[in-house]
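# Residue-level structural notes
This is what each chain is made of:
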Amino acid sequence: MLAVMAIAVLTFTACTKKSETSDGVNDFRIQRGTNLSHWLSQSEEIGEARAKHIQEDDFERLDSLGFDFVRLPIDEVQFWDENGNKLPEAWDLLTNAIRLAEKHHLRTIVDLHIIRSHYFNAVNEGNANANTLFTSEESQQDLINMWYQLSDVLKGFSNDSVAYEFMNEPVAEDHEQWNQLIAKVHKALREREPQRTLVIGSNMWQSYETIKYLKVPEGDKNIILSFHYYNPMILTHYGAWWTPIGKYTGKVNYPGILVSKEDYDAASDTVKAVIDENKYTTQEWNIDRIRADFKDAIEAAKKYNLQLFCGEWGVYEPVDRELAYKWTKDMLTVFKENNIAWTTWCYDADFGFWDQQKHDFKDKGLVDLLTAK
């Protein structure tokens, strides 16, 4: 019996130890993934419906398709009530999901997506005052305390298997506000988990344009730099009701000049203003534009000698598939050219490729592109 117990302990230790290479860098290597969105984040599902939303066959499917990791967004309201008490059901779903991911050879980035003191779309929805994170010491300590509790539960998972993205799409008015918060949260987490891989994104919706202002904690090689990319929005968010450009109903061209003069003239004044702001009628959009947009992010990764990761990119479901595929091919080419890891937005929601209701692919063409088939 003692021998059996010893073997069990050794086996558990082997599965959960925090391994690292001789230079102190984890083996958290990622390349191709997707977001398991609208499950433990941005969803009102609870109980049985939430439990059944993502199950083992989803992880098995992603592994068989050739994906090697998932980004798993979680929201404060799903994990803590308004008094800060844990909501056990969500915690069980999270830890079980990570175990299933490991079972099917997938790494996991746990992404704290929305918290009560910060919502990335609050500005766009005219409720910027809801974001107290960057002006309130109490809100910042609440964020750190959330990660203390997450760490207490997740620290048993291998550093090679699980990484932490401690906040999604910051929208600080000043880039230095975000840099200062990064330093705070980084210090707090490093005191608890010195080797855990941390994913850190740029300010203003994790924009490629602001990554040059990002200050990365020095000397820490277990960091992944992250940015998001949905440009040109008039293509990727065509018909998206929650965005101003989603009100455009004319034709979109890609590659090339996105909007013709004829379609521009037929648009409303509100839509024209967005088109003008983004120069959709005068500037060409193609693979070279994508390469140019990625330049600062690529340079930042080289500067810090860190892995670069595009945590969100994708095309809204109603978008013409021929255009969607052209843009997707260009994105994948630039990712490959620069060894940029990525997770699509997303697996099974309105930017996704899988239909949970029909239990079938809703966009097999997209899947074939993403998996290089």
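For the structure, see preceding data.
A brief report on the enclosed structure follows. The structure presented is a predicted model; accordingly, all values stated were derived computationally and were not measured.

### With respect to helix α11 (residues 269-278)
Of all the residues in α11, the buried ones are Val271, Lys272, Val274 and Ile275. On an axial view of α11, the arc spanned by its buried residues comes to 160°, and they lie on one face. Exposed residues on α11 whose side chains face more than 90 degrees from its buried face are Asp269, Thr270 and Glu277. Next to the buried residues of α11 lie α9 (233-236) and α10 (261-265).

### Topic: the environment of Val153
Counting through the fold element by element, Val153 comes out in helix α6 (residues 137-154). Look at Val153 and you get partly exposed, because its relative accessible area is 30%. A C-alpha to C-alpha distance of 36 Å links Val153 and Glu317, two positions 164 residues apart in sequence. Not counting chain neighbours up to four residues away, the residues in contact with Val153 comprise Lys86, Trp91 and Thr95.

### Some points on the state of the cysteines
Inspection of every chain in the model, using the stated rule, returns 0 disulfides. Counting only cysteine sulfurs, Cys346 is the nearest neighbor of Cys310, a cysteine outside any disulfide, at a range of 14 Å. Relative accessible area serves as the criterion here: at 1%, Cys346 is assigned to the buried category.

### Considering the pattern of salt bridges
Per the counting criterion, the structure on display carries 24 salt bridges. For Glu56, the salt bridge identified is with Lys103, shortest N-O distance 2.7 Å. Here Glu56 is found in helix α3 (residues 56-65), whereas its partner Lys103 is found in helix α5 (residues 88-103), with 47 residues between them in sequence. Overall, Lys103 belongs to the exposed group, its relative accessible area being 51%. Close ionic contact of Arg61 with Asp58 constitutes a salt bridge, the shortest N to O distance being 3.1 Å. Within this pair, Arg61 and its partner Asp58 are both found in helix α3, separated by 3 residues, close to a single helical turn. In this structure Asp58 comes out as buried when scored by relative accessible area, which is 2%.

Criteria and cut-off values
Residues numbered from 1 in each chain as written. Predicted model: local features only at pLDDT ≥ 70, side-chain atom pairs only at ≥ 80, totals over all residues. Heavy atoms only, no water. Buried < 20%, exposed > 50% of the residue type's maximum accessible area, 1.4 Å probe, protein only. Helix = DSSP H or I, 4+ residues; strand = E, 2+ residues; numbered from the N terminus. Arc of directions from axis to C-beta. Contact = heavy atoms within 4.5 Å. Disulfide = S-S within 2.5 Å. Salt bridge = Lys/Arg side-chain N within 4 Å of Asp/Glu carboxyl O.

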